[in-house]
Amino acid sequence: MFQVWDGDRRGRRSRFRDRLRSPVADECLALDFEPLDPPVPVPFDDVAIADGFVSDVMIRWGDNLFSGLPAFTVAGQTAQLQAQRFGFNSDWTAYFPIGQGPASGRNGMLWVNHEYTDGLMMFPGYDPANPTREQVDIELAAHGGSLVRVVQGPAGNWNYLQSSGNRRVTAVTSIEITGPAAGDPALRTTRDPSGRRVLGTLNNCGGGVTGWGTLLTAEENFDQYFANNAALPDGPQKTLNARFGVPEGESGRKWERFHPRFDLSQEPNEANRFGWVVEIDPYHPNSVPRKRTALGRLKHEAAAGTATLDGRWAVYTGDDARFEFVYKFVTRDRVRPGDARTNQNLLDHGTLYVARFNDNGTGTWLPLVHGTGPLTQANGFASQADVLIRARDAGTALGATAMDRPEDIEPNPVIGSVYIALTNSDRRGTEGNPDVDPANPRPVNVAGHVLELVEAGRDAAATAFGWRVLLLCGDPADPSTYYGGFDKSQVSEIAAPDNLAVDSRGQLWIATDGAPRVLPMNDAVVGLPVVGPERGRTRQLFGGVFGSELTGIYFNSTETTMFVSVQHPGEGGTITQPTSRWPGSGEVARSSVVAIRRG
Ligand code: FEO
Ligand code: CA
Ligand code: CA
Ligand code: CA
């Protein structure tokens, strides 16, 4: 077994180091604050912030991205207006600076994913059994993502600007399909016989920024939009659809009633065109988004990346479902700084791997390459396109480790480690399901855990790694919990870790999704050191609204502001019987992005 933990105290060349010398370093979000204590209780219809910090609501569902539009009202919604307004259920965010130096930390473009819609929280009198066409089309327009110009004013507060440079990507935006599976017969439809053009992106959950300035937005739970898997002939496609959760009959959303492409009895291949990572150039708002099939088709939670030692790019991504896998993609070619023409094709060529976590603390990245190992014609894999479209099947054939719902995965370039949030799995170790293993060590793991991975040679291109547990979440008084070895009487409790971020000091930040199911608290953002005597000492910075999960942690370029999405405030209520009206805008709760800073 190679030794992987020798570098905890070793410095590492960091692309962030210049930030630490910047004139605004004193305003950075260091872990020197008194955590929220006690944590924000359930129910609490507001956000809470640790002393010494402020949070501003920066943009809400329904806010106009362009000038000349009527102000948002619930009754005044149309699909055309929604396509020009901030979408529903904000998730991952990414900040793209404009200009250079400290000023670039105050001027930028913010990308925000809009994961999914909830008709009960959008339309008075919404009938889930009989949505109207207009409601469905508004929901299509509220999916995807927003690219929004943002500025920080002299008083420190952040605002978005209505600007012609803003952009909406929705569930009907024309998107190119590229890479090894593009054009494959399994991606062809009546409307797109080329198999290379698809309408829209769906269920955009997490994401990542590339080394060449583009963003990757990850399609997660695409199964819920499709209907009538029973109509498909028996075979691998139907079986895999069932594994994803595609309904046998009608869908919960009923979109197929108005848009036949969501009905597999009419368009059997449309679902194959979702579950991908989508690349978007934020600096060219008219550029065509691209679904990068080389990164595989699964319920991608995220797509955060880092450079390999020889200058290529690695993207980590988890498949967020019980007993699914952790993946990594490594480009074939090197990133060439400033060479947009070369870089725009980087994600079409490379190797996708899936992780096996060995019991002894080592692990292996297993390549999803057609014709190697079990991924052969004889075993039912027709081509590389087939391997990528059926990445889950390929991972199973390779013997990948079944994980407790991999959510965000975040490289830590300061330390040379990688963090994996495993949000929970209430079926681990139960009858008919996988038993515990050292990487998923708790039965009925309702509180989730976080693993720490170090690539061999600290090279993101490595095919071997070491791993260990960083956190076993839950009530610190529960003896099954572990907070990095730190004194659990001094930690902020967390459960259901989801989105991750790493700051320039190599500190880890975690947003939770589902803590109230385990602990008497709303969801939270906590920060913790991962090295030194305070490794595992979680501190709660921020508490979310009743019914919400917290998502999308991302820093501005000077790291003086943290952007967090408050997703689905008041979930479980309806417009007419609300359990939240946050952020207090009147009629209805509105998912929003908040900017957190010292104040
Ligand atoms: Fe969309 Fe896995 O959270
Ligand atoms: Ca998530
Ligand atoms: Ca992240
Ligand atoms: Ca989640």
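Residues numbered from 1 in each chain as written. Chains lettered and ligands numbered in written order. Predicted model: local features only at pLDDT ≥ 70, side-chain atom pairs only at ≥ 80, totals over all residues. Heavy atoms only, no water.

Some remarks on the coordination of the calcium ion (ligand 2)
When four donors bind a metal tetrahedrally, each ideal donor-metal-donor angle is 109.5 degrees, and when six bind octahedrally, the ideal angles are 90 or 180 degrees. Protein coordination at the calcium ion (ligand 2): the donors are Cys 205 (SG), Glu 301 (OE), Glu 407 (OE), Asp 498 (OD) and Asp 498 (OD), at 2.3 to 3.1 Å from the metal. Coordination geometry of the calcium ion (ligand 2): the six donor atoms subtend angles of 49 to 161° at the metal centre, consistent with an arrangement described as irregular. Between the calcium ion (ligand 2) and the calcium ion (ligand 4), a separation of 3.6 Å is found, and both are coordinated by Glu 407. Of this pair, Cys 205 sits in strand β10 (residues 204-209) while Glu 407 is found in strand β21 (residues 406-412), placing the two residues 202 residues apart along the sequence. Given the relative accessible area of 3%, Cys 205 is considered buried. Residue classification places Glu 407 among the buried positions, given a relative accessible area of 1%. (Donors = N, O, S within 2.8 Å, 3.2 Å for Na, K, Ca; no water. Tetrahedral: all angles 85-135°; square planar, octahedral: opposite > 155°, others 65-115°. Helix = DSSP H or I, 4+ residues; strand = E, 2+ residues; numbered from the N terminus. Buried < 20%, exposed > 50% of the residue type's maximum accessible area, 1.4 Å probe, protein only.)

Digging into the coordination of the calcium ion (ligand 3)
Those donors, Asp 408 (OD), Glu 410 (OE) and Leu 500 (O), are the protein atoms that reach the calcium ion (ligand 3), and they lie 2.3 to 2.4 Å from it. Ordering the donors of the calcium ion (ligand 3) by residue number gives the pattern D-x1-E-x89-L. In this pair, Asp 408 sits in strand β21 while Leu 500 sits in strand β26 (residues 497-502), placing the two residues 92 residues apart along the sequence. Looking at Asp 408, the relative accessible area reads 4%, which means it is buried. On the basis of relative accessible area, Leu 500 is assigned to the buried category, the value being 3%.

Some thoughts on the layout of surface pockets
The calculated volume of the second largest pocket comes to roughly 680 Å³. Surrounding the second largest pocket, 37 residues form its lining, Asn 221, Arg 405, Asp 513, Arg 517 and Glu 549 being those nearest its centre. Looking at the lining of the second largest pocket, the element that brings in the most residues is strand β16 (residues 322-324), giving three residues. Here the lining of the second largest pocket is composed, by residue class, of eight nonpolar, nine polar and 20 charged. (1 Å grid on protein atoms, 1.4 Å probe; cavity = no way out; pocket = protein on both sides within 12 Å on 5 of 7 lines; lining within 4 Å. Points joined across faces, edges and corners; volume = space filled by probe spheres on them. Nonpolar A, V, L, I, M, F, W, Y, C, P; charged D, E, K, R; others polar.)

Brief notes about the state of the cysteines
All chains considered together, the criterion is met by zero disulfides. Of the cysteine sulfurs around Cys 473, a residue in no disulfide, the closest is that of Cys 205, at 17 Å. (Disulfide = S-S within 2.5 Å.)

Here's the deal with the confidence of the model for the chain
Looking at the chain, the pLDDT average stands at 94 and 95% of residues meet or exceed 70. Predicted confidence in the chain is weakest over helix α1 (residues 17-20), with a mean pLDDT of 37, and strongest over strand β18 (residues 350-357), with 99. Note on residues 1-24: pLDDT is under 50 here. Beyond four places in sequence and across chains, it has 41 contacts. (pLDDT = per-residue confidence, 0-100. Contact = heavy atoms within 4.5 Å.)

Here we look at the pairing of strand β12 (residues 277-280)
Both faces of β12 are covered, namely the face carrying Val 277 and Glu 279 and the face carrying Val 278 and Ile 280. Note: strand β11 (residues 215-219) against β12, four bridges, orientation antiparallel. Within the sheet, the bridge partner assigned to Thr 217 lies in β12 and is Val 278. In terms of strand pairing, β12 meets strand β13 (residues 290-292) through three bridges, oriented antiparallel. Paired with Val 277 across the two strands is Arg 292, which belongs to β13. (Pairing = 2+ DSSP bridges.)

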